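As a plain string of letters, each chain reads:
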Amino acid sequence: MKKYFLLTPGPTPIPPEVAQKESLPILHHRTSEFGEIFNEVIEGLKYVFQTKEDCFLLSSSGTGAMESAVANLISPQDDVLVASCGNFGDRWEKICKIYKANVTKIDAEWGTAVNPQEIKDKLEKNRNIKAVFTTHTETSTGVVNDLKTIGEIVSKTSAVLVIDAISGLAGQPLFKDEWKLDVVVSGSQKGLMCAPGLSFIAINQKAWNLVEKSTSPRFYFDYKLMKKSIPKKETPFTPAVSLIVALAEAIRIIKKEELENIFKNIEKLAKATRAGVKALNLELFAKEEVACNVLTSAKLPENIEGDKLVGDLRKEFGISIAGGQDKLKGKIFRIAHMGFIDQFDVIVGLSGIETMLKRAGHNITPGKAVSAFKEVL
Ligand SMILES: Cc1ncc(COP(=O)(O)O)c(C=O)c1O
């Protein structure tokens, strides 16, 4: 018999009430019953994104929403700026290049955040830049970017600001309209406490002006088609109906709890987890002043093989955490504290990591990490 503890920064565990909704009889997507639920989800997404403007929903993982943003906003040979501080920031560059944009790139050192001043400088240098692409919480490193300042800077130019909030939405503060973020994309499998398979786009009028002009090819991902369908309370094509019914339940839970309280709770969990990691005699990977709240990243000593630790933890105890990506492969681990993950889940994670580190000969005092975690809470 084995228990499973899902503590990866996506997918994350989902509440039983949400899971139950996925098993209900399938509704046809062109009926008033489904239309009411779809409408509730779209209105609920506006609350989650903190926007009064258009929200769309796609049956795809988060990357689909990222690609849709590029396909709808950018035309071949457009100048764009990608401000990256990790693997997911780099994904914007890859997508933009496939759509034949001229990419200028800012590369912040991994573990640090994008410097808003660099964005300002690049925009001043090249006034033809059509869009700036960056990330809310960079899941590969555990860093949060200062979107409020970046939003202020980009709003004073003609460029459109596009944000990947796939891991940060509903976990780390983000106020789309107030922070002047023109397009924000996200996914269902993290802070929104749903199964993977849905992605979302929130878009304002400034960005619509680019959509009107974009000549990039798109069919399934066409925002104009999506916008036309919204008043009919439906999607242009068959949506993932069961996931949408489940998402409606997840958003009800989020609304009941209120975003403000969710943000505070997750911030507390993040502080406690960082204390727990330090008590394991490990160094945090993300610089503490820019560490995000939705996950914690930690450096592993050179003599400990990260992928083995993560694999053994899963195989032996059923505890899933994430390892490092790309150049951080084998060098760090990442543990999530967002969505339906609570303090006792994180305690299980820290305790399991402690066991594996001790086995690998790392110098730690058993129980110290959990104590440090609880003390902060
Ligand atoms: C910040 C960020 N961007 C993009 C992605 C990619 O999303 P998906 O795997 O849902 O396509 C992820 C997923 O881990 C993410 O955390």
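Residues numbered from 1 in each chain as written. Predicted model: local features only at pLDDT ≥ 70, side-chain atom pairs only at ≥ 80, totals over all residues. Heavy atoms only, no water.

(A) Geometry of the domain arrangement of the protein. Partitioning the protein into structural domains gives domain 1 (5-11 + 258-376) and domain 2 (16-256). The distance between the C-alpha centroids of domain 1 and domain 2 comes to 27 Å. Listed by partner, the interface residues are 27 residues for domain 1 and 32 residues for domain 2. Across the domain 1 to domain 2 interface the summed buried area is about 2,400 Å²; carbon plus sulfur atoms make up 65%. At the boundary of domain 1 with domain 2, the tally comes to zero salt bridges. (Domains from an automatic or database assignment. Contact = heavy atoms within 4.5 Å. Buried area = accessible area lost by both parts, 1.4 Å probe. Salt bridge = Lys/Arg side-chain N within 4 Å of Asp/Glu carboxyl O.)

(B) Structural view of the side chain of His29. Residue position: His29 is located in the loop between α1 (16-22) and α2 (32-49). Classification of His29 by relative accessible area gives buried; the value is 13%. Setting aside anything within four residues of it in sequence, one finds His29 in contact with Phe34, Glu234, Thr238, Pro239 and Val241. (Helix = DSSP H or I, 4+ residues; strand = E, 2+ residues; numbered from the N terminus. Buried < 20%, exposed > 50% of the residue type's maximum accessible area, 1.4 Å probe, protein only.)

(C) Here's a closer look at unusual backbone geometry. Backbone torsion omega between Gly10 and Pro11 reads -5°, so that peptide bond is classified as cis. In this fold, Pro11 is placed in the loop between β1 (5-6) and α1. With a phi angle near 70°, Ala170 is a residue other than glycine that sits in the positive phi range. Residue placement: Ala170 occurs in the loop between β8 (160-164) and β9 (183-187).

(D) A look at the nonpolar core. Within the largest apolar cluster, 97 residues are counted, with the highest numbers of intra-cluster contacts made by Leu57, Ile119 and Ile321. Two domains share this core, each providing at least three of its residues, namely domain 1 (5-11 + 258-376) and domain 2 (16-256). Discounting residues that sit within four places of it in the chain, Ile321 has contacts with Leu7, Thr8, Leu309, Val310, Leu313, Phe333, Arg334, Ile335 and Ile353. With 32 residues, the next largest nonpolar core counts Leu58, Ile95, Val183 and Trp208 among its residues. (Core = buried A, V, L, I, M, F, W, Y, C linked by side-chain atoms within 4.5 Å.)

(E) View of the sheet that holds strand β13 (residues 322-323). As summarised here, the arrangement of the three strands in space is β11-β14-β13, forming an open sheet in which the pairing is antiparallel. Among the strands making up the open sheet, the edge pair consists of β11 (295-299) and β13. As paired strands, β13 and strand β14 (residues 332-336) are joined by two bridges and run antiparallel to one another. Its bridge partner lying in β14, Ala322 is registered against Arg334. (Pairing = 2+ DSSP bridges.)

(F) Layout of the site of the ligand. Surrounding the ligand, one finds 13 residues, the nearest of these being Ser61, Thr63, Thr139, Asp164 and Lys190. A distance of 2.5 Å is found between a nitrogen atom of the ligand and a side-chain nitrogen or oxygen belonging to Asp164. The side chain of Gln189 places a nitrogen or oxygen atom 2.8 Å from an oxygen atom of the ligand. Against a free-state accessible area of 390 Å², the protein chains account for coverage of 87% of the ligand. Secondary-structure elements contributing two or more residues to the shell around the ligand are α3 (62-73) and α4 (87-98). Broken down by element, the shell around the ligand gets its largest block of residues, three residues, from α3. Residues that form the shell around the ligand fall into these classes: three nonpolar, seven polar and three charged. (Near = heavy atom within 4 Å. Polar contact = N/O pair within 3.5 Å; in protein donor to acceptor, adjacent residues only side chain to side chain. Areas by Shrake-Rupley, 256 points an atom, 1.4 Å probe, with all protein chains shown as cover. Nonpolar A, V, L, I, M, F, W, Y, C, P; charged D, E, K, R; others polar.)

(G) Just the packing of α3 against α4, in detail. Running from N to C, α3 and α4 point in directions that differ by 45°, and their axes come no closer than 10 Å. When the interaxial angle is binned, α3 and α4 end up oblique. Two packed elements cross with a definite hand, and for α3 against α4 that hand is right-handed. Contacts between α3 and α4 involve Thr63, Met66, Glu67, Ala69 and Val70 from the first element and Phe88, Arg91, Trp92, Ile95 and Cys96 from the second. Here the residues of the contact of α3 with α4 sort into seven nonpolar, one polar and two charged. (Axes fitted to C-alpha atoms, helices over the stretch in contact; angles between N-to-C directions. Parallel < 35°, antiparallel > 145°, perpendicular 65-115°, else oblique. Left-handed = near helix turned anticlockwise from the far one by under 90°.)

(H) Structural detail: the pairing of β11. For β11, the tally of buried residues reaches four of five residues, placing the bulk of the element in the interior. Pairing analysis gives five bridges linking β11 to β14, with the strands arranged antiparallel. The residue bridging Leu295 from the neighbouring strand is Ala336, located in β14.

(I) Up close: the pattern of salt bridges. Overall, the coordinates contain 24 salt bridges when judged by the stated rule. Salt bridges sharing common partners tie together Asp90, Glu93, Lys97, Lys105 and Asp107.

(J) Broad picture of the packing of aromatic side chains. A full pass over the atoms with the stated rule returns nine aromatic pairs. Ring centres 5.8 Å apart and planes at 55° place the aromatic pair Tyr220 and Phe221 in the tilted group. Look at Phe221 and you get buried, because its relative accessible area is 17%. Grouping aromatic residues by their ring pairs yields a cluster made of Phe219, Tyr220, Phe221 and Phe237. The cationic tip of Lys327 hangs over the ring face of Trp110; the distance from NZ or CZ to the ring centre is 4.4 Å. (Phe/Tyr/Trp six-rings, centres within 6.5 Å; stacked < 30°, edge-to-face > 60°. Lys NZ or Arg CZ within 6 Å of the ring centre and 35° of its normal.)

(K) Focus on helix α6 (residues 147-155). Of all the residues in α6, the buried ones are Leu147, Ile150, Gly151, Ile153 and Val154. In a view along the axis of α6, the buried residues occupy a sector of 165°, so they form one face of it. Looking at the packing, one finds that the buried side of α6 touches α5 (116-125), β5 (131-135), β8 and α7 (205-213). (Arc of directions from axis to C-beta.)

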